[in-house]
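# Coordinate inspection notes
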2 protein chains.
Amino acid sequence: MKPEDKIKVAIFGYGNIGRAAEQAVKSAKDMEFAGVYHHQEADRLKEAAARGETDVVLVCTPTREVPEYAKMFLEAGLCTVDSFDIHCRIADLRRELTATARDGQSVAVVAAGWDPGSDSVIRCLMQALAPQGLTYTNFGPGRSMGHTVAAKAIEGVEDALSMTIPLGTGVHRRMVYVKLKEGADFADVRSRLLADDYFAHDETHVIQVDDVQALNNVAHGVNLVRNGVSGETHNQRMEFNMTINNPALTGQVMTSCARAAVRMRGEGRCGAFTMIEIPPIYMLEGEDEANVRKLV
Amino acid sequence: MKPEDKIKVAIFGYGNIGRAAEQAVKSAKDMEFAGVYHHQEADRLKEAAARGETDVVLVCTPTREVPEYAKMFLEAGLCTVDSFDIHCRIADLRRELTATARDGQSVAVVAAGWDPGSDSVIRCLMQALAPQGLTYTNFGPGRSMGHTVAAKAIEGVEDALSMTIPLGTGVHRRMVYVKLKEGADFADVRSRLLADDYFAHDETHVIQVDDVQALNNVAHGVNLVRNGVSGETHNQRMEFNMTINNPALTGQVMTSCARAAVRMRGEGRCGAFTMIEIPPIYMLEGEDEANVRKLV
C-alpha cells in the first residue's frame, strides 16, 4: 500500500486505552500512526488536521470529556471515534454529534468499545435473528471502573477495587476490595459503602486488604444470552462469550472503527453513527471481495 | 403503521424455508405478506411487481436455482433476498447480481441465512476485534443437507440422514443413518458410502436403521470460536453459540434482510450485498433512534 493511501490516525488522550489504541494503529498495515496528543494539545491537533496530516482521531479521554473534544475535532473536519460508555446518554450524544459532523463534512463513530460497541452489534444481530424474546448481558468477572471510582470516594477508603461478578439474567454481584486510611474503622467504611447508591441495589461484599494494586488486572468478560422466537418458532437459543484484556480490546475496536469512519466520509455519508449503524465489513483491512470470500 | 408504508414481501418457493419465512413475514408489524409464489408462477410474480404489489421477494428455492431466479426478479425491479449457501460461489454470485441489481435499480441481499449469513457477521466482527488469530466454525449437532443428499444417492440406500457432529477446531464427524433397499447388503453400502468424496475425508460412522423419518429433526447449531490478538495483546477469546430450529432461523434472517434491502434501495444504494456489508440496524423493525436507545 502506498503511504499516501494510508489512513492517518492520531490519538488524543494517553491513558490505558490510548496506549492500547497506539499498538492497534501501528499493527494495521493500512494505517499511518499520526501521533499522540495530550489533553493540552487539542489546538496542535487541529492545526495538524488543517495541514492534512490527520484523517481521524481516536478520542481516548475519560468518557465525560468525550462530547466536548469530539465536537471540537469534528468542527475542525476530522473524523472521530470514541468509546463513550454512559449508556443512557449515547442516543443524545449521537444526535448532537450528527449535527456537528454534517456541518464539518465529517463522520463520528460513537460508543465504539465493547459494551457499548461490539456487544451492541451482537444484541442487534440477536434481535434480528429472533425478534421476540429476552436478551441478558452478563458482565465480568472484571473490574468496574464506575464502581471502583465510587468505592474510592467513600470516607475512610484509601484505595479500592470493585469487581463485577455475573450471576446470570443480568444480575451482578459486587466484590469490593478496600484498603483503609489510617485510623478508619472497617465496619463504618463497610456500612457507608453498602449504603452508597452504586452498591445499595446489588449483592455487595466488602473485603479489607493491605494492597489493592496487588489484585489489579485489566481482564474482563461478557456473556450475552438470548432465547427468542424466529417467526413462530420459540426456543431459539444464542449466546456470545468473551474473555479479554479490556483496554486492548477497546483500543482495537476504536482503531477498526477509524477505518469505517473514513470510508463513510468518502461515500459522503457524514454524521454520527453507533456501531450497529455501520456495515461490519467497513471495520476490516483489505478489499471487500477478498473479505467476502474469506468470511461469508 | 399505515398499510401503504408497510414493506410488501412475497415468497418464491414453498419448502421448509418458504413456510418458515411466511411465519416471520406475518409476525412483522412493518410488513405486509404479499403471497406465496410456486416455481411455475415466476411470471405471475413479475406481473405483481409491475403493478407495485410487491417490494421484495424472498427466494426460497433450492440453492442451485437461486442465481437464475434472483436475476429474473432483480431485472423486474424487485429487491431479492436469498440464502444461497455454496460458500465458494458466494463472491461470484454477489458480483453477478451487483450488475443486474444496478441495472434494475434494485437491491439483492445474498447468502442471508445463518451460515453463510449471521455467522458471517460474527466472523467479521471477531476479525475486527482481534485482527490476527484463528477462527473455528464448528457446526452441529444437526442434519447436513448436502451430506444427506449424497448418502441417499449411494447405491442400495432407500433413505438416509447425515448428522454433523462438531469435534472442535472445525473438524466434524459424520453420523450417517441409512435404511437399505430390499436385498442391499449393509457392508457393501457402507464401503461405497465411506469411499464417496463427501465422506472420505471425515470420521464417518454408518448405522443401519429401519426408519429414517423417525430420527428426523430440524434442530441445528453452531459454535464459533476465535482466539486472537488485539493490537499487541494475545489471548483475546471470543465465542458464539447457537442451538436453533434451522428453517425457522433461515426464514427469519431472510425476512429481517428484506427490510435492509428495501431501505438500501431507498437510499439509492443499488447492488448486491452480503450480510457483512449491511448496517445491522437495517434488519430491525422500528426507528433507528429507539433501537439505538434499546440495544447500544
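In every chain, residue numbers begin from 1 and rise along the written sequence. Whichever chain is written first becomes A and whichever ligand is written first becomes 1, with later ones labelled in order. Whole-chain, interface and lining totals are the exception, using all residues; otherwise, since this is a predicted model, local features are given only for residues with pLDDT of at least 70 and side-chain atom pairs are given and counted only at 80 or more. Based on all heavy atoms of the structure, the side-chain values leave hydrogens and waters out of the count.

### Concerning the overall build of chain A
Each helix is a run of DSSP H or I of at least 4 residues and each strand a run of E of at least 2, with the numbering of both proceeding from the N terminus. Scanning chain A from N- to C-terminus turns up nine helices and 13 strands. To get the radius of gyration, use the C-alpha atoms; to get the globule rule, take the number of residues to the power 0.38 and multiply by 2.2 Å. A compact globule built from 296 residues would reach a C-alpha radius of gyration of about 19 Å, and chain A, at 21 Å, matches this within 12%. Principal axes of the C-alpha set define a box for chain A whose edges measure 60 × 55 × 30 Å. Any two residues whose heavy atoms approach within 4.5 Å at even a single point are treated as in contact. Long-range pairs, those at least 24 residues apart, make up 67% of the contacts in chain A between residues at least 6 apart in sequence.

### Description of the side chain of K8(A)
As for its placement among the helices and strands, K8(A) is situated in strand β1 (residues 7-12). Buried and unpaired, K8(A) has no salt bridge, with D55(A) as the nearest side chain of opposite charge at 4.1 Å. Burial status follows relative accessibility: with a 1.4 Å probe on protein chains alone, a residue under 20% of its type maximum counts as buried, one over 50% as exposed, and anything between as partly exposed. For the purpose of counting charges, residues Lys and Arg are taken to be positive, whereas Asp and Glu are taken to be negative. His and the chain ends are not included. Salt-bridge detection follows one rule: a side-chain nitrogen of Lys or Arg within 4 Å of a carboxyl oxygen of Asp or Glu.

### Thoughts on helix α4 (residues 90-103) of chain A
A helix's residues, less one, multiplied by 1.5 Å, set its expected span. With 14 residues, α4(A) should reach 20 Å at 1.5 Å per residue; the first-to-last C-alpha distance of 20 Å fits that figure. If you check which residues of α4(A) are buried, you get I90(A), A91(A), L93(A), R94(A), L97(A), T98(A), T100(A) and A101(A). The secondary structure elements touched by the buried residues of α4(A) are α3 (66-75), β4 (79-82), β5 (107-109) and β13 (271-273) of chain A together with α9 (288-295) of chain B.

### Some words on the sheet that holds strand β2 (residues 31-37) of chain A
Residues and elements named next belong to chain A. A pair of strands is treated as paired once DSSP finds two or more bridges between them. In spatial order, the strands read β2-β1-β3-β4-β5-β13; together these six strands make up an open sheet with parallel pairing. The open sheet is flanked by β2 and β13, the only strands paired with a single partner. Neighbour-to-neighbour, the strand axes of the sheet open up by a mean angle of 20°, direction not taken into account. The pairing of β1 with strand β3 (residues 56-59) spans four bridges and is classified as parallel. Bridge assignment links F12 to a residue of β3, and that residue is V59. Helix axes are fitted only over the stretch in contact, all axes being lines through C-alpha atoms; the angle between N-to-C directions runs from 0 to 180 degrees.

### With respect to the confidence of the model for chain A
Summary of the metric used: pLDDT quantifies the predictor's per-residue confidence within the range 0 to 100. Residues of chain A with pLDDT of at least 70 account for 100%, and the chain-wide mean is 97. Here the predicted complex carries an ipTM of 0.97, next to a pTM of 0.97.

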